[in-house]
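One letter stands for each residue in the lines below.
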Amino acid sequence: MSEALTTALATLEQALNAALALDPKSGQRLARLEGRVVAMELSGTGLRICLRADDEGFLAVMGSFDGEADTSLRGAPMSMLRMATGASDTLFGGGVEIDGDVELGQRFQRIIQQVDIDWEEHISRIVGDVA
């Protein structure tokens, strides 16, 4: 794996976990998936990203994984984005294919879609309540 890709994955991991930390419930939900691995293959890019939840509700973002992922999702980058944001009604809609543990894939999708960040609360810590 190239150094640029390693750096990009580390940056993505930090950003994802920082966003998830703003919603304590998502961490609790992810912790229930401890040790489970979801692989995402972005069609046409040759890129495969593996996500593994830990017991504290954080995600490890890996470019490779020794072993078989519990669930594999494949689709074009825009299809994967629609799935993650809820723009697609179902996991199978919008051109995303799934192999392995379908229920895990659906649970992972719901966790990502249910992230609820109270932006007003976090911004008020920086600029105060008046703003």
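This structure is a prediction, so every number in the text was calculated from the model and none was measured.

Conventions adopted
Residues numbered from 1 in each chain as written. Predicted model: local features only at pLDDT ≥ 70, side-chain atom pairs only at ≥ 80, totals over all residues. Heavy atoms only, no water. 1 Å grid on protein atoms, 1.4 Å probe; cavity = no way out; pocket = protein on both sides within 12 Å on 5 of 7 lines; lining within 4 Å. Points joined across faces, edges and corners; volume = space filled by probe spheres on them. Helix = DSSP H or I, 4+ residues; strand = E, 2+ residues; numbered from the N terminus. Nonpolar A, V, L, I, M, F, W, Y, C, P; charged D, E, K, R; others polar. Expected span 1.5 Å × (residues − 1). Buried < 20%, exposed > 50% of the residue type's maximum accessible area, 1.4 Å probe, protein only. Arc of directions from axis to C-beta. pLDDT = per-residue confidence, 0-100. Core = buried A, V, L, I, M, F, W, Y, C linked by side-chain atoms within 4.5 Å. Contact = heavy atoms within 4.5 Å. Pairing = 2+ DSSP bridges.

**Student:** An account of empty space enclosed by the protein is needed here, citing residue identities and associated values.
**Tutor:** All told, the structure shown has one cavity of 30 Å³ or more when counted by the stated rule. Approximately 40 Å³ is the volume attributed to the largest cavity. Lining the largest cavity are Leu 33, Arg 36, Val 38, Leu 51, Ala 53, Leu 59, Leu 104 and Phe 108. Contributing elements (two or more residues each) for the lining of the largest cavity: strand S2 (47–53) and helix H4 (102–113). In the lining of the largest cavity, the residues fall into seven nonpolar, no polar and one charged.

**Student:** I'd love a proper account of helix H1 (residues 3–21), names of residues and values included.
**Tutor:** Its 19 residues place the ends of H1 27 Å apart at the C-alpha level, agreeing with the 27 Å of an ideal helix rising 1.5 Å per residue. Residues of H1 that are buried include every one of Leu 9, Asn 17 and Leu 20, and no others. In an axial view of H1, the angular spread of the buried residues amounts to 60°, which keeps them on one side of the axis. Residues of H1 that are exposed and angled more than 90 degrees away from the buried face: Glu 3, Ala 4 and Gln 14.

**Student:** Explain the confidence of the model for the chain residue by residue, including any values.
**Tutor:** The predicted model of the chain averages 83 in pLDDT, with 83% of residues at 70 or higher. Per-element confidence in the chain ranges from a low mean pLDDT of 67 for helix H5 (residues 119–127) to a high of 94 for strand S3 (residues 59–62).

**Student:** Residue-level account of the nonpolar core, with values.
**Tutor:** Among the nonpolar cores identified, the biggest contains 20 residues, and Leu 30, Leu 33, Leu 51, Leu 59, Leu 73 and Phe 108 are the most heavily contacted of them. Of all the secondary structure elements, the ones that give two or more residues to this core are H1, strand S1 (37–42), S2, S3, helix H3 (77–85) and H4. In contact with Phe 108, not counting residues within four places along its chain, are Leu 30, Leu 33, Val 38, Leu 51 and Leu 59. Core analysis: the second largest hydrophobic core is formed by five residues, Val 37, Ala 39, Cys 50 and Ala 69 among them.

**Student:** An account of the pairing of S1 is requested, with residue identities and associated values reported.
**Tutor:** Among the six residues in S1, five count as buried, and that is most of the element. As defined by bridge partners, S1 adjoins S2 across six bridges and the pair is classed as antiparallel. Residue pairing in the sheet places Val 38 in a bridge with Leu 51 of S2. Hairpin connection of S1 to S2: four residues between the antiparallel strands, including Gly 44 at a positive phi of 80°. Inspection of the sheet shows S1 paired to strand S4 (residues 71–75) by five bridges, in the parallel sense. Bridge pairing in S4 places Met 40 opposite Leu 73.

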